[in-house]
Amino acid sequence: MPAPEPAPAPPAPPVPLAALLARTELGLRLLAGPEDVSLHWVHTSEMADPYPYLLGGELLMTAGVQLTDPARYVERVVEAGAAALGFGVTPVYDTVPAALVEACGRHGLPLLEVPPRTPFTAVARALWRLMAEARLHELRRVSEAQRSLAAAAARPDPVPAVLGALAARIGGRAVLFGPGGGESAAAGREITAEASRALAELAGVVAPRPGGPATASGDGGGLRLAAYALGGGDGLALGVAAQAREPGDHTIAGVAVVLLSLLTAPHRAADVSARDTALVRLLLGATPADAAAALGPGPWTVVHARGGDGTPFAAASLAAALGTALVDPGEGLGTGASARTGASARTGAGTGTGSGTGAGTGAGAGAGAGEGTGAGAGTAAGAHARTAPVRGAGTAPVQGADGPPGLPPGDGPGGPAGPGRTVRLLLPAPAAVAAQPGWTLGVGAPAQADALAAADAQAARALRRAEATRAPLVRHRPAGLAGLVDPDEAAAYAHALLAPLSAPLAETLRTWLSLHGSWDRTAAAMDVHRNTVRQRIGRCAALLDRDLDDPDVRMELWFALGRR
């Protein structure tokens with residue numbers, strides 16, 4: 001059976017197992033395996049084979065209720081990518097089975113003994129608190145770095161000052177590479193010739209070109225290296241080298257990229273003037289086509305995006321990576337970064353509110369324990385009581401039941417540019433749109449100014465499909481044969497065909513069909529249990545009186561759902 005697809009990283013930094021072991025009130029004891037592993041979340045399961053319900057990176061807790069073959073059990077847990085195994089003693093086992101200890105040692109899987117006095121929920125709560133503390137520390141560090149970089153950008157010689165501030169924050173070296181690949185400016189600790197060559201090679205990888213990456217990372221000369229393309233298409237790149245890559249370093253470097261993009265491209269003042277001209281025309285009653293003429297000849301490409309790292313500069317950093325200054329960061333993103341990557345971004349760098357939002361963002365990041373579908377579902381083994389997942393604002397997917405993860409009601413985006421916000425960008429059509437780390441993108445077809453509303457709708461649909469299929473980027477596809485059907489007739493037929501279905505049923509059917517009838521992938525895309533998907537699809541088949549295994553029926557329903 002193939003290994004499960006890697007789960008997206010939670011918005012909080014992972015917690016070292018050693019930090020959890022250091023919580024003496026828990027009484028945890030490491031019986032096998034290393035302690036230098038990272039924990040992303042906690043999951044409790046008494047299933048004989050927990051493989052289908054694990055995302056990878058979790059601390060799996062069990063009392064061994066259905067443990068019959070320890071060797072096979074550990075093999076499956078390792079295959080699923082779990083980070084560690086916690087075994088609760090009593091009432092099922094008085095001690096941790098020797099066969100389990102031996103199997104964990106053989107596979108290198110850390111095995112923890114959980115004493116009877118420690119409920120599994122206490123372990124989950126401890127991990128939650130450690131994650132919250134780490135996230136708050138990271139956001140405070142990012143906020144301080146934003147202020148430092150903004151202050152450096154206001155100095156008389158801003159480019160070297162920004163590089164120096166960045167190098168100090170990451171504890172390494174920062175280099176600005178020119179269009180030809182040579183060093184234009186540098187600051188920070190000296191690095192070896194080997195590391196310098198490797199960093200220059202990385203900078204060459206991100207040099208602006210159609211379809212090229214905006215960032216690249218690697219190792220060289222014993223250092224962790226990263227390179228970032230500056231916005232504007234001038235061929236400039238930022239390279240950073242440090243002994244280690246700390247949480248938040250990518251965000252801090254992104255702030256520096258925005259500032260350096262502005263500082264190295266003074267001609268962008270003309271772009272700001274053009275945008276202001278277009279805005280004034282719109283306010284005074286001009287049509288979108290007339291207003292867009294001030295921005296350029298067109299056509300334009302609309303991009304919708306969700307994701308980011310939850311900081312005020314997430315949307316601006318994405319815009320810089322895609323080479324555009326036309327960005328709508330979405331509702332409720334705050335004023336930490338300007339909606340443009342123009343001159344106002346310098347002020348935005350100084351007004352970000354990373355630490356202010358961080359306390360709420362980090363809460364509940366990624367830890368939870370439970371089994372079943374409701375609070376306290378599943379019978380606890382002795383003192384190891386299990387509850388529904390402990391969650392908080394901005395949390396990553398955490399399984400509380402043996403099934404795919406899901407956000408409970410009330411979970412919101414993790415900060416100013418959280419995963420629930422949609423960022424919209426407008427790019428000149430020739431500009432290449434490439435996948436960006438941490439973002440999911442939907443791209444509309446190139447359109448003239450009078451057709452941008454349709455392109456906006458295309459980008460929105462492409463983003464929904466990208467999220468449903470877990471693809472980092474999906475582009476709008478032409479209608480094909482469906483475009484030959486009269487839209488009004490198609491809509492009327494779709495309405496009549498799908499009339500028996502409620503909105504949740506129709507959305508479940510659409511997602512299920514888009515994922516080729518996969519129960520597990522549909523459940524993950526909709527944040528529900530796969531049994532819920534089976535029940536809904538069965539209900540759809542009964543209400544429609546159709547055989548959903550028939551490919552002709554599937555094709556007809558897919559066509560109808562697209563015109564509903």
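So, here's what we can say about the structure. (Residues numbered from 1 in each chain as written. Predicted model: local features only at pLDDT ≥ 70, side-chain atom pairs only at ≥ 80, totals over all residues. Heavy atoms only, no water.)

Attention now goes to the packing of helix α4 (residues 120–153) against helix α7 (residues 249–263). Closest axis-to-axis distance for the α4/α7 pair is 9 Å, and the angle between their directions is 20 degrees. Judged on the interaxial angle alone, α7 and α4 are roughly parallel. When you trace α4 past α7, the crossing you get is right-handed. Between α4 and α7, the residues in contact are R141, V142, A145, Q146, L149, A150 and A153 and D249, T251, I252, V255, A256, L259 and L263, respectively. Taken together, the residues of the contact of α4 with α7 sort by class into ten nonpolar, two polar and two charged. (Axes fitted to C-alpha atoms, helices over the stretch in contact; angles between N-to-C directions. Helix = DSSP H or I, 4+ residues; strand = E, 2+ residues; numbered from the N terminus. Parallel < 35°, antiparallel > 145°, perpendicular 65-115°, else oblique. Left-handed = near helix turned anticlockwise from the far one by under 90°. Contact = heavy atoms within 4.5 Å. Nonpolar A, V, L, I, M, F, W, Y, C, P; charged D, E, K, R; others polar.)

To continue, consider the side chain of T324. Of note, T324 is situated in the loop between α10 (314–322) and β14 (326–328). Reaching out from T324, the side chain makes a polar contact with the backbone nitrogen of L326 at a distance of 3.1 Å. (Polar contact = N/O pair within 3.5 Å; in protein donor to acceptor, adjacent residues only side chain to side chain.)

Below, the discussion takes up the packing of aromatic side chains. Evaluation of the coordinates by the stated rule reveals two aromatic pairs. Ring geometry for F87 and Y93: centres 5.5 Å apart, planes at 65 degrees, overall edge-to-face. Overall, F87 belongs to the buried group, its relative accessible area being 0%. The exposure class assigned to Y93 is partly exposed, which follows from its relative accessible area of 23%. Relative to W519, the ring of W512 lies with its centre 5.5 Å away and its plane at 35 degrees, an arrangement referred to as tilted. (Phe/Tyr/Trp six-rings, centres within 6.5 Å; stacked < 30°, edge-to-face > 60°. Buried < 20%, exposed > 50% of the residue type's maximum accessible area, 1.4 Å probe, protein only.)

Across the sheet, which stays open at both edges, the five strands sit in the order β2-β7-β6-β5-β4 with mixed pairing between neighbours. Either end of the sheet is taken by a strand with one partner, and the two such strands are β2 (29–32) and β4 (41–44). For this sheet the average axis-to-axis angle between neighbouring strands, irrespective of direction, equals 30 degrees. Bridge count between strand β5 (residues 58–62) and strand β6 (residues 84–88): four bridges; the pairing is parallel. Looking across to β6, one finds that L60 is bridged to L85. Contacting β2, β6 and β7 (111–114), helix α3 (residues 98–107) runs over the sheet at an angle of about 75 degrees to β2. Packed on one face of the sheet, α4 meets β4, β5, β6 and β7 and runs near 165 degrees to β4. (Pairing = 2+ DSSP bridges.)

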